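Coordinates in review
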Amino acid sequence: MRIITGKARGIKLLTLDGEATRPTSERAKEAVFSMIQFELEGREVLDLFGGSGQLGLEAVSRGAARATICDRSREAVAIINKNAEKTKLASECRIVCADFSEALRRFSREKFDIVFLDPPYAERLIPKVLLQLASMLKPMATVICESAEEDIFGKSGMEDRFNIVKKAKYGIAYITVLRYKGEEK
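Here goes a summary of the coordinates provided. (Residues numbered from 1 in each chain as written. Predicted model: local features only at pLDDT ≥ 70, side-chain atom pairs only at ≥ 80, totals over all residues. Heavy atoms only, no water.)

**So, the state of the cysteines**
In total, this model carries zero disulfides according to the counting rule given. No disulfide involves Cys97; its nearest neighbouring cysteine sulfur is the one of Cys70, lying 9.4 Å away. With a relative accessible area of 29%, Cys97 lands in the partly exposed category. In this structure Cys145 is not part of a disulfide, and its nearest cysteine sulfur, from Cys70, lies 16 Å away. The class for Cys145 is buried, based on a relative accessible area of 0%. (Disulfide = S-S within 2.5 Å. Buried < 20%, exposed > 50% of the residue type's maximum accessible area, 1.4 Å probe, protein only.)

**Things to note about the sheet that holds strand 2 (residues 66–71)**
Hydrogen bonding along the main chain pairs the strands of a sheet, whether they run parallel or antiparallel. Taken in spatial order, the seven strands make up an open sheet running 3-2-1-4-5-7-6, and their pairing is mixed. Either end of the sheet is taken by a strand with one partner, and the two such strands are strand 3 (93–97) and strand 6 (162–170). Direction aside, neighbouring strands of the sheet carry axes that sit 15° apart on average. As paired elements, strand 1 (residues 44–47) and strand 4 (residues 112–117) share three bridges and run parallel to each other. Across the sheet, the residue bridging to Leu46 is Val115, located in strand 4. Lying on the sheet, helix 2 (residues 54–61) is in contact with strand 1, strand 2, strand 3 and strand 4; it crosses strand 2 at an angle near 175°. This element, helix 3 (residues 74–86), spans strand 2 and strand 3 of the sheet and lies at about 165° to strand 3. (Pairing = 2+ DSSP bridges. Helix = DSSP H or I, 4+ residues; strand = E, 2+ residues; numbered from the N terminus. Axes fitted to C-alpha atoms, helices over the stretch in contact; angles between N-to-C directions. Contact = heavy atoms within 4.5 Å.)

Pasting the structure below:
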């Protein structure tokens, strides 16, 4: 796993040993960043289930102003910190050890342009996260979701607040790119 392009191009990233995290595949990551390549410059990014930090770091490497990268695992946060230092992108990153709910409460007054959601598949958290996250999104924000299921909304009603821009499958992973429509009137 490496940074694909930008300031930290080619730098190999560290990952956690074992099955505790499931990094986004290189193929899926390349596809995601091809979809949003013209949206990154100067943007505020949130990588809510950071793992190794690869998505947030890739965004900063490609020109995002800052990435907030969160993970609930202390071991994952240690790896994210090492990767931020290794890529020399640490000054453009805020790295936080917190579960998604605590992180969203902590940053509730902030607004993000681009959000990466890659929670543990078995927990089916995307509808719940979207519900909490909606008030923290800038108009027309982009949310990239990785899940094991094609239907990321479930019965949450969140499809009224987001347009599906693109959906693709890479191995077992569904990548869904959403555009925030705004709050319900």
